[in-house]
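Read off the chains here:
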Amino acid sequence: MVNSQWSIDNNSNINQPFFVRLLAHFFSYIFHPLFVPLYVTFFIVFVHPSYFSGFASAEKMQALFIVILNAVFFPLFAVLLLKGLGFIDSFFLKTQKDRIIPYMASGIFFFWTSRVFLQQTQYPLIMGAFMLGVLFSSFAALMCNIYFKVSMHAIGMGGLLGVFWVIMKGNTMLMTWPLCIALLITGIVCTSRLIVSNHSQKEIYAGLLIGLISQFISALIIL
């Protein structure tokens, strides 16, 4: 009976108006979890008033490029390679089986990115702490994937909220408007995933908690 009701709820998402589903797909692509580290890094490097103050433009771009290469390009390339070799059935990682190797591969790249920022002491600790939180969330998602298909988009949004909360607690910037925007984006993205994916509310909420808690734990360790 529960499974039947769950199917009905999921099928009702398909009946959303075309424009609503189009917007849901748009926000799902724009705020794909692999792009969240890039957005956060851009905020820390170019928007935050003090973390990268005194850095030359070339050094700021180098920090951004480190994230683009290691936390965005390599994980995406790994998924493309896995699909080309037939190890996964879909680029969109629709099943728990498809997500196992990408989680592991991405974790390796996230680990390397966090080590780069933590070992090169000229970078502010928030960069290493944030990427370590991303690593923790990917590991937690891999563990949860054994039991259910947690929402990767929700994990990304939880990480965004988590790192913004950490920055706010550091009293280095007035974070009222960034947090408000992050909360708005989180609501839009999570609602979008309920509309255009087969995720349940439990999988969305679990993803948010994973992203949040991972950033909090990382901040406790590093900062």
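None of these values were measured; they are calculated from a predicted model.

A. Region of the structure containing the overall build of the chain. Across its full length, the chain carries nine helices and zero strands. Listed by position from the N terminus, the elements making up the chain come as α-α-α-α-α-α-α-α-α. The long-range fraction of contacts in the chain, counting pairs at least 24 apart against all pairs at least 6 apart in sequence, stands at 74%. Summed over all atoms, the accessible surface of the chain reaches about 11800 Å², with 72% contributed by carbon and sulfur.

B. Up close: the environment of Val116. Residue position: Val116 is located in helix 5 (residues 96–119). You can call Val116 buried: its relative accessible area is 12%. With 35 residues separating them in the primary sequence, Val116 and Leu81 have C-alpha atoms 25 Å apart.

C. Examining the environment of Gly159 more closely. When you line up the elements, Gly159 lands in helix 7 (residues 152–169). In sequence terms Gly159 and Ser197 are 38 residues apart; their C-alpha atoms lie 20 Å from each other. Residue contacts for Gly159: discarding those within four places in its chain leaves Gly211, Leu212 and Gln215.

D. Representation of a nonpolar patch on the surface in the model. On the surface, Phe73, Phe77, Leu81, Leu85, Phe87, Ile100, Ile101 and Met104 cluster together into a nonpolar patch covering about 780 Å² of accessible area. For the nonpolar patch, the elements supplying multiple residues, two or more each, are helix 4 (57–84) and helix 5. Within the secondary structure layout, Met104 lies in helix 5. Take Met104: its relative accessible area is 47%, and that puts it in the partly exposed class.

E. Just the side chain of Ser218, in detail. Tracing the sequence through the fold places Ser218 in helix 9 (residues 201–222). Leaving out residues up to four positions away in the same chain, Ser218 has contacts with Ala129, Phe130, Leu132, Gly133, Phe136 and Leu223.

F. Spotlight on unusual backbone geometry. Positive phi outside glycine occurs at Leu93, with the angle close to 50°. Assignment of secondary structure puts Leu93 in the loop between helix 4 and helix 5. Despite not being glycine, Asn171 has its phi angle at roughly 55°, a positive value. With respect to the secondary-structure elements, Asn171 resides in the loop between helix 7 and helix 8 (176–196).

G. How the structure looks around the packing of helix 6 (residues 125–144) against helix 7. Orientation of helix 6 relative to helix 7, taken along the N-to-C sense of each, is 150°, at an axis distance of 11 Å. On the basis of the axis angle, helix 6 is roughly antiparallel to helix 7. Seen along the crossing, helix 6 lies across helix 7 with a hand that is right-handed. On helix 7, the residues that touch Ile126, Phe130, Ser137 and Ala141 of helix 6 are Ile155, Val163, Val166 and Ile167. Tallied by class, residues from the contact of helix 6 with helix 7 come to seven nonpolar, one polar and no charged.

H. Quick peek at the packing of helix 7 against helix 9. Axis separation between helix 7 and helix 9 bottoms out at 7 Å; the angle between their running directions is 35°. The interaxial crossing formed by helix 7 with helix 9 has right-handed handedness. Mapping the contact onto sequence places Ala154, Ile155, Met157, Gly158, Gly159, Leu161, Gly162, Val163, Trp165 and Val166 in helix 7 and Ile204, Gly207, Leu208, Ile210, Gly211, Leu212, Gln215, Phe216 and Ala219 in helix 9.

I. Local environment of helix 9. Taking 1.5 Å of rise per residue, 22 residues should cover 32 Å, and helix 9 covers 32 Å from first to last C-alpha, within 8% of that figure. All buried positions along helix 9 are accounted for by Glu203, Ile204, Ala206, Gly207, Leu208, Ile210, Gly211, Ser214, Gln215, Ser218 and Ala219. Those residues of helix 9 that are buried are in contact with helix 6, helix 7 and helix 8.

J. Just the nonpolar core, in detail. Formed by 43 residues in total, the largest nonpolar core has its most connected members in Ile44, Phe52, Phe117, Ile126, Met157, Phe164 and Ile167. Sorting the residues of this core by element identifies helix 3 (36–47), helix 4, helix 5, helix 6, helix 7, helix 8 and helix 9 as the ones contributing at least two each. In terms of residue count, the dominant contributor to this core is helix 7 (eight residues). In this structure, Tyr103, Ala141, Leu142 and Ile155 belong to the second largest nonpolar core, which totals 13 residues.

Cut-off values and rules
Residues numbered from 1 in each chain as written. Predicted model: local features only at pLDDT ≥ 70, side-chain atom pairs only at ≥ 80, totals over all residues. Heavy atoms only, no water. Helix = DSSP H or I, 4+ residues; strand = E, 2+ residues; numbered from the N terminus. Contact = heavy atoms within 4.5 Å. Areas by Shrake-Rupley, 256 points an atom, 1.4 Å probe, with all protein chains shown as cover. Buried < 20%, exposed > 50% of the residue type's maximum accessible area, 1.4 Å probe, protein only. Patch = residues over 30% accessible without salt bridge, like charges linked within 9 Å, V, L, I, M, F, W, Y side chains within 5 Å. Salt bridge = Lys/Arg side-chain N within 4 Å of Asp/Glu carboxyl O. Axes fitted to C-alpha atoms, helices over the stretch in contact; angles between N-to-C directions. Parallel < 35°, antiparallel > 145°, perpendicular 65-115°, else oblique. Left-handed = near helix turned anticlockwise from the far one by under 90°. Nonpolar A, V, L, I, M, F, W, Y, C, P; charged D, E, K, R; others polar. Expected span 1.5 Å × (residues − 1). Core = buried A, V, L, I, M, F, W, Y, C linked by side-chain atoms within 4.5 Å.

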